[in-house]
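In case you want the letters, here they are:
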Amino acid sequence: MKDEHYFEREQSRVKHRVLERYLQAFSPIIGSAFDEIVYVDCFAGPWESKDKALHDTSFHTAISVLQECRDRNKCKHARALLIESDRHRYPLLEEYARSVKGIEVVTRNWDFTQHIADIVAFAKGSSRSFPFFFIDPTGWKEIAPSLIKPILQTEPGEVLINFMTSWIKRFFDDEDKPFHKLFGRAEVERLRQLPAREREDEIVNVYAFRIREEGGYSYTCAIPIMMPDRDDIDYHLVFGTRSVKGLEEFKKAEDVSIQFMHKLRASAQRRRAVSATGQGFLLSEEEMYHERRFGLLNERRRVNARAAVKKLLLETRKTNYGILYQESMQFATVVESDLREWLESWRQAGGILYPNWGERQRVPHANTIIEVIGPLS
Ligand SMILES: C[S@@+](CC[C@H](N)C(=O)[O-])C[C@H]1O[C@@H](n2cnc3c(N)ncnc32)[C@H](O)[C@@H]1O
């Protein structure tokens, strides 16, 4: 697929990169442990696709990864269910499905909201099936936790949800909009009292928490996807998993995709500057790139994650690195090197020690014990 298919909608390229990168890790792991992988694209499109072959879509991105996994004998069987309610777009989806080789692809011209039970039935082909649900609507009403609960509770299973931050933020003070379905009534009242920036970050946290609760997931994370042409977040991709491995792989996908997003935005900014001024520039795209919003979010998330790790250490006095990793990595944009940096600074200041650190060990492992022996600044 070519990058020009994503011009002026680079956020979709990043969304597809997250999906691709995560499924590339997920497929061989799940393929070796389960009889089949089931990919469900609940809002498939094609939507705003500019490629005749529909390669710039979520369903093609996911199916290509599954095909490659099968070709490399890393999974026995894979099925996909692609759902689209629009009767004009649906024939394109059907035609695409007929062209797919090696994977059973079923399409349905369904309204997602009316077929949740059917979707779950499809996904649970057998007790040895592992479904991955991608829920990517154009609005936000379809992602209400109570509506999608049967999908969330499908076990085993994982979910990736597009949370339309920009829309929700824009209409949040409109009392006629049923935001309580996303957050619960008490939370809506609390969120409405918060200053704008804090509120914007907190609505994602509250939603991710509700997804974790409703689905019985062990971990949820959210990746902020920025608008290509404005210093603002368009949406978050909220992920739910019951496994530490799922969390680890999703964080790797987040890291890769965020770097990719900044590169794409830098190119988009340069393109626009060239077309606006009609001249070339001496500085590189990276040198000219400007953003503030992501940096602010990252700063706040790191402060919050560090505080959460500190609290856990002070409460338990002795824990292992795996526990701290699981706690801190659920904060968007926080990466493992952040956690290691905080621990190292506490160790150097005499606040913690590692009683079971091995002679040749260079970095903490999941079972590395961390003991609090002094104050943590
Ligand atoms: C954001 S687009 C999906 C984009 C696609 N996942 C991708 O990344 O390439 C949402 C799609 O869902 C479809 N849609 C909207 N409401 C729906 C519903 N209730 N049930 C099923 N599909 C719906 C729209 O027609 C549109 O094609």
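Just above, that's the structure.
Scope of this entry: the structure provided in the associated data block. This is a predicted model, so every value here is computed, not measured.

## Considerations on the overall build of the protein chain
Logical step 1: Scanning the protein chain from terminus to terminus reveals 14 helices and 10 strands.
Logical step 2: Whereas a compact globule of 377 residues would reach a radius of gyration of roughly 21 Å, the protein chain reaches 22 Å, a difference of no more than 12%.
Logical step 3: Overall, the protein chain is about 65 × 60 × 50 Å in size when its C-alpha atoms are taken along their principal axes.
Logical step 4: Out of the 377 residues in the protein chain, the part that is buried amounts to 38%.

## Side note on the site of the ligand
Logical step 1: Lining the immediate environment of the ligand, one finds 20 residues, of which Phe-43, Trp-47, Ser-58, Ser-85 and Phe-112 sit closest.
Logical step 2: Taken together, the residues of the shell around the ligand sort by class into six nonpolar, seven polar and seven charged.

## Considering the sheet that holds strand 8 (residues 318-320)
Logical step 1: Read from one edge of the open sheet, three strands run 8-10-9, paired in antiparallel fashion. Since the sheet does not close on itself, it has two edges, and those belong to strand 8 and strand 9 (352-353), each with one partner.
Logical step 2: Pairing between strand 9 and strand 10 (residues 369-372): two bridges, direction antiparallel. Note that in strand 10 the partner of Ile-352 across the bridge is Val-372.
Logical step 3: Across the sheet, helix 12 (residues 293-316) touches strand 8, strand 9 and strand 10, and the angle it forms with strand 8 is around 130 degrees.

## Looking at the sheet that holds strand 6 (residues 219-226)
Logical step 1: Pairing within the open sheet is mixed, and its seven strands lie in the order 3-2-1-4-5-7-6. The outermost strands of the open sheet, each flanked by one partner alone, are strand 3 (104-108) and strand 6. The sheet shows a mean angle of 15 degrees between the axes of neighbouring strands, direction not considered.
Logical step 2: Across eight bridges, the pairing between strand 6 and strand 7 (residues 233-241) is antiparallel.

## Considering the pairing of strand 1 (residues 36-41)
Logical step 1: In terms of burial, strand 1 is a largely internal element, five of the six residues being buried.
Logical step 2: Strand direction decides the pairing type here: strand 1 and strand 2 (residues 77-83), joined by six bridges, are parallel. Note on strand 2: the bridge partner recorded for Val-40 is Leu-81.
Logical step 3: Since strand 1 and strand 2 lie parallel, the crossover through helix 2 (residues 58-71) that links them has a hand, and here it is right-handed.
Logical step 4: Note: strand 1 against strand 4 (residues 129-135), six bridges, orientation parallel. Across the sheet, residue Tyr-39 finds its bridge partner in strand 4, namely Phe-132.

## Some points on the packing of helix 12 against helix 13 (residues 321-328)
Logical step 1: With their axes 9 Å apart at the nearest point, helix 12 and helix 13 run at an angle of 145 degrees to one another. The interaxial crossing formed by helix 12 with helix 13 has right-handed handedness. Together, Ala-305, Ala-308, Val-309 and Leu-312 of helix 12 and Leu-324, Glu-327 and Ser-328 of helix 13 make up the contact between the two elements.
Logical step 2: The residue makeup of the contact of helix 12 with helix 13, split by class, is five nonpolar, one polar and one charged.

## What to know about the environment of Cys-69
Logical step 1: Mapped onto the elements of the fold, Cys-69 is located in helix 2.
Logical step 2: For Cys-69, a count of 21 C-beta atoms within 10 Å translates into the label buried.
Logical step 3: Between the C-alpha atoms of Cys-69 and Pro-46, which are 23 residues apart in sequence, the distance is 24 Å.
Logical step 4: For Cys-69, the residues in contact, after removing those within four places along its chain, are Ser-27, Pro-28, Gly-31, Lys-74 and Cys-75.

## Observations regarding helix 3 (residues 90-99)
Logical step 1: The complete set of buried residues in helix 3 reads Tyr-90, Leu-93 and Tyr-96. Taken around the axis of helix 3, the buried residues stretch over an arc of 120 degrees, which confines them to a single face. For helix 3, exposure combined with an orientation more than 90 degrees from the buried face picks out Glu-95, Arg-98 and Ser-99.
Logical step 2: Structurally, helix 3 contributes buried residues whose contacts are with strand 2 and strand 3.

Criteria and cut-off values
- Residues numbered from 1 in each chain as written.
- Predicted model: local features only at pLDDT ≥ 70, side-chain atom pairs only at ≥ 80, totals over all residues.
- Helix = DSSP H or I, 4+ residues; strand = E, 2+ residues; numbered from the N terminus.
- Rg over C-alpha atoms; globule rule 2.2 N^0.38 Å.
- Buried ≥ 20, exposed ≤ 12 C-beta atoms within 10 Å, placed from the backbone.
- Near = placed C-beta within 6 Å.
- Nonpolar A, V, L, I, M, F, W, Y, C, P; charged D, E, K, R; others polar.
- Pairing = 2+ DSSP bridges.
- Contact = placed C-beta atoms within 7 Å.
- Axes fitted to C-alpha atoms, helices over the stretch in contact; angles between N-to-C directions.
- Right-handed = clockwise from strand over helix to strand, strands pointing away.
- Left-handed = near helix turned anticlockwise from the far one by under 90°.
- Arc of directions from axis to C-beta.

Interpretation note: all reported values are geometric properties and have no functional meaning in isolation.
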